[in-house]
Amino acid sequence: MDKIEIIGRQTLKGDVRISGAKNAALPLMCASLLTDKEIILKNIPRLGDIATMISVLEHLGAAIHWKSHDIISLNVAHIETSEAPYDLVRKMRASILALGPLLGRYGQAIVSLPGGCAIGVRPIDIHLKGFEKMGAHITIDGGNIHAKAPQNGLQGCDFHFPVVTVTGTENMIMAAVLANGVTTLTNAAQEPEINDLCDLLVKIGADIHNDLKGTITITGVSSLNGAIHSVIPDRIETGTYCVAPLMYGGDVTLHNTDPSYLNSFLDVLKSIGAIIKTTDDSIYVSHPGHSLKSFDISTSPYPGIATDLQAQLMALMCVCKGTSTVLENIWENRFMHVPELRRFGANITVEGHKAIVEGQYPLKAAPVMATDLRASVSLVLAALAAEGKTVLNRVYHLDRGYENFEHKLRSCGVHIERKPNHTPSVNLVQTIAS
Ligand code: EPZ
């Protein structure tokens, strides 16, 4: 497995172009299952998770090709099979997003039940309850979800989400666009990625009204067209690069982004002393040159502070003056980065879903291990402020969600290098040995 080495105590200066949002691109790609016409998506990031989604969709019958570096064409003239097997789903939980569109267009689906992951149990019970409310018959057999729509197709319904769920909302929207009648979703997720999905679906002929306050009304139509659509900028990647120059100093301008997706996050950065200037599509972040103040955050669904930025903000707390706290309200196990941050010398105590960070304990480089996507990037941020050379292992987590990661940091002056692992894989060693 590759490693990344980062030389610490570095100030950043430069410009970063933000990529398209991974968590918007994945449902948009699944929406291609709803129509036999071509969907062209622009601003698609080249990431591990996108490659996995391409494999899932190709398995189901999609013809997919890259038209340029960041433009992809998807065409599902026929659904070849309605089964997404474990081997693909286990690589990426977002594969569950195939379930709604398959049920809507094909009337049945078999999708492997995703297991837990590093950040929590991650149930999908609400997705399944929603499909049942639309008349689907759901059983779990052999680790697979078997879902079957009634003979005359899914039926519109009123469904209240007991918990705000992002992919649950996306799955229900995609199931409802071809259903009979009207579906009204309440307590639906309001993340910008949901609105991006609705925008594409409306372009291809769906009838959707999103009040942007948690109620989404979908009137089923009989068929859908093709469209060209550009994926929104990645707000989590944006937030991550906002934190980078605050770790040890510097200033960075982020381009091709949308600051309005990050209002509560940027308010926090301003409140601790960071200098932030925004335009419609850029953010300038500068360190004030003196200690940043400690702060408290509590993660919540959009428009609150995103759980996907919690680990990065915790790394920032380590260099702020005084005591900061984190309340993680979305994922029950999303403190896996804490033991790794402690390896740098950070003083962090965890009490249930609360973490208390005593700032400005001197950070020293250490070999550390990534446990999930956002945890790994928080370790790189800590490494920027640490004295010495940090070695980050299990880099594949980063590759799932951060496009051109080292290149973007290097263009801001960071000494960061990937060390490819040329050790033969276990299989190869076994082959040679046998
Ligand atoms: C999405 O995951 C994101 N993934 C996650 O980003 C993100 O952390 C999460 O939303 C929260 O913002 C994608 O968009 C592909 P949820 P999702 O369903 O949809 C509970 C990253 O780093 N719940 O909104 O799987 C659940 O346990 C990833 O890019 C149920 O109880 O998350 C959690 O507490 C990681 N039953 C809460 O809802 C259900 O059926 C929110 O989860 C579904 C969810």
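**Quick notes on the site of the ligand**
Taken together, 21 residues lie around the ligand, and Thr165, Val166, Thr167, Asp308 and Ile330 are the ones closest in. The contact in question runs from an oxygen atom of the ligand to an N or O atom on the backbone of Ile126, over 2.8 Å. Contact distances for the ligand include 2.6 Å between an oxygen atom and a side-chain N or O atom of Thr167. The protein chains hide 86% of the 830 Å² of surface that the ligand would expose on its own.

**Thoughts on the nonpolar core**
Among the nonpolar cores identified, the biggest contains 80 residues, and Leu57 and Leu201 are the most heavily contacted of them. In this view, Leu57 contacts Met29, Cys30, Ser32, Leu33, Ala62, Ile64 and Leu74; residues no more than four positions away in its chain are not counted. Counting residues in each nonpolar core, the second largest holds 69 residues, with Leu12, Val285, Leu341 and Phe344 among its members.

**Observations regarding the packing of helix 8 (residues 235-248) against helix 12 (residues 373-385)**
Where helix 8 contacts helix 12, the axes come no closer than 8 Å and their chain directions differ by 20°. The pairing of helix 8 with helix 12 is recorded here as roughly parallel in orientation. Along this stretch, helix 8 crosses helix 12, giving a crossing that reads as right-handed. The segment helix 8 lies against helix 12, with Ile236, Thr240, Val243, Ala244, Met247 and Tyr248 engaging Arg374, Val377, Leu381, Ala382, Leu384 and Ala385. Considering only residue class, the contact of helix 8 with helix 12 consists of 10 nonpolar, 1 polar and 1 charged.

**Let's talk about the pairing of strand 3 (residues 39-42)**
Direction of pairing for strand 3 relative to strand 5 (residues 71-75): antiparallel, over a ladder of 3 bridges. Across the sheet, residue Leu41 finds its bridge partner in strand 5, namely Ile72. As paired elements, strand 3 and strand 14 (residues 227-230) share 4 bridges and run parallel to each other. Looking at strand 14, one finds that Ile40 is bridged to Ile228.

**What to know about the sheet that holds strand 9 (residues 144-148)**
Taken in spatial order, the 4 strands make up an open sheet running 6-7-9-8, and their pairing is mixed. Edge positions in the sheet fall to strand 6 (83-84) and strand 8 (137-141), since each of these pairs with one other strand and no more. Sheet analysis places strand 8 next to strand 9, joined by 5 bridges and oriented antiparallel. By the bridge assignment, Ile138 is partnered in strand 9 with Ala147. Together, strand 7 (108-112) and strand 9 form the strand contacts of helix 4 (residues 99-106), whose direction differs from that of strand 7 by roughly 160°.

**Quick word on the packing of helix 10 (residues 310-317) against helix 12**
Between helix 10 and helix 12, the least distance of the axes is 8 Å, while the angle of their chain directions is 20°. On the basis of the axis angle, helix 10 is roughly parallel to helix 12. As for the relative orientation of helix 10 and helix 12, their crossing is right-handed in sense. Of the residues in helix 12, those touching helix 10 at Ala311, Gln312 and Ala315 are Arg374, Ala375, Val377, Ser378, Leu381 and Ala382. Looking at the contact of helix 10 with helix 12 residue by residue, the class counts come to 6 nonpolar, 2 polar and 1 charged.

**Topic: the packing of aromatic side chains**
Note on aromatic pairs: each is described by the distance of the centres and the angle between the planes. Applying the stated criterion to the full structure yields 3 aromatic pairs. Geometrically, the ring pair formed by Phe159 and Phe161 is edge-to-face, given 5.1 Å between the ring centres and 90° between the ring planes. Accessibility classification places Phe159 together with Phe161 in one group, the buried group. Taken together, a centroid distance of 6.4 Å and an interplanar angle of 40° make the contact between Tyr241 and Phe405 tilted.

**A few points about helix 1 (residues 22-31)**
Among the 10 residues that make up helix 1, 9 are buried, leaving the element largely enclosed by the rest of the structure. Among the residues of helix 1, Lys22, Ala24, Ala25, Leu26, Pro27, Leu28, Met29, Cys30 and Ala31 are the ones counted as buried.

**Quick look at the sheet that holds strand 21 (residues 354-358)**
Pairing is mixed across the open sheet formed by 4 strands, whose spatial order is 18-19-21-20. Each edge of the open sheet carries a strand with a single partner, namely strand 18 (296-298) and strand 20 (347-351). Pairwise comparison of adjacent strand axes, ignoring direction, gives a mean angle of 15° for this sheet. Taken together, the 5 bridges between strand 19 (residues 323-327) and strand 21 define a ladder with antiparallel strand orientation. Within strand 21, the residue paired with Thr323 across the bridge is Glu358. Contacting strand 18, strand 19, strand 20 and strand 21, helix 10 crosses the sheet at an angle of about 170° to strand 19.

**Focus on the pattern of salt bridges**
Considering all chains together, one arrives at 14 salt bridges under this definition. A salt bridge links Lys13 to Asp251, with the nearest nitrogen and oxygen atoms 2.8 Å apart. Taken together, the residues Lys13 in strand 2 (residues 12-17) and Asp251 in strand 15 (residues 250-255) connect sequence positions 238 residues apart. Overall, the relative accessible area of 57% leaves Lys13 in the exposed class. With relative accessibility at 19%, the residue Asp251 sits in the buried group. We note a salt bridge from Asp308 to Arg334, for which the minimum N-O separation is 2.6 Å.

**Description of the domain arrangement of the chain**
Parsing the chain into structural domains produces domain 1 (2-19 + 233-420) and domain 2 (22-218). Using only C-alpha atoms to locate each centre, domain 1 and domain 2 end up separated by 30 Å. Domain 1 puts 23 residues into the contact, and the matching count from domain 2 is 22 residues. Taken together, both faces of the contact between domain 1 and domain 2 bury some 1,800 Å²; the carbon and sulfur share is 50%. Among the residues domain 1 hides against domain 2, the three largest losses belong to Trp331, Arg400 and Glu403. Together they make up 31% of the total. Between domain 1 and domain 2 we count 2 salt bridges in total. Arg235 is paired through a salt bridge with Glu193; the nearest N and O atoms lie 2.8 Å apart. Every element with two or more residues in the side of domain 1 that touches domain 2 is listed here: helix 12 and helix 13 (396-401). Sorting elements by how many residues they give to the side of domain 1 that touches domain 2 places helix 13 first, with 3 residues.

The rules behind each value
- Residues numbered from 1 in each chain as written.
- Predicted model: local features only at pLDDT ≥ 70, side-chain atom pairs only at ≥ 80, totals over all residues.
- Heavy atoms only, no water.
- Near = heavy atom within 4 Å.
- Polar contact = N/O pair within 3.5 Å; in protein donor to acceptor, adjacent residues only side chain to side chain.
- Areas by Shrake-Rupley, 256 points an atom, 1.4 Å probe, with all protein chains shown as cover.
- Core = buried A, V, L, I, M, F, W, Y, C linked by side-chain atoms within 4.5 Å.
- Buried < 20%, exposed > 50% of the residue type's maximum accessible area, 1.4 Å probe, protein only.
- Contact = heavy atoms within 4.5 Å.
- Axes fitted to C-alpha atoms, helices over the stretch in contact; angles between N-to-C directions.
- Helix = DSSP H or I, 4+ residues; strand = E, 2+ residues; numbered from the N terminus.
- Parallel < 35°, antiparallel > 145°, perpendicular 65-115°, else oblique.
- Left-handed = near helix turned anticlockwise from the far one by under 90°.
- Nonpolar A, V, L, I, M, F, W, Y, C, P; charged D, E, K, R; others polar.
- Pairing = 2+ DSSP bridges.
- Phe/Tyr/Trp six-rings, centres within 6.5 Å; stacked < 30°, edge-to-face > 60°.
- Salt bridge = Lys/Arg side-chain N within 4 Å of Asp/Glu carboxyl O.
- Domains from an automatic or database assignment.
- Buried area = accessible area lost by both parts, 1.4 Å probe.

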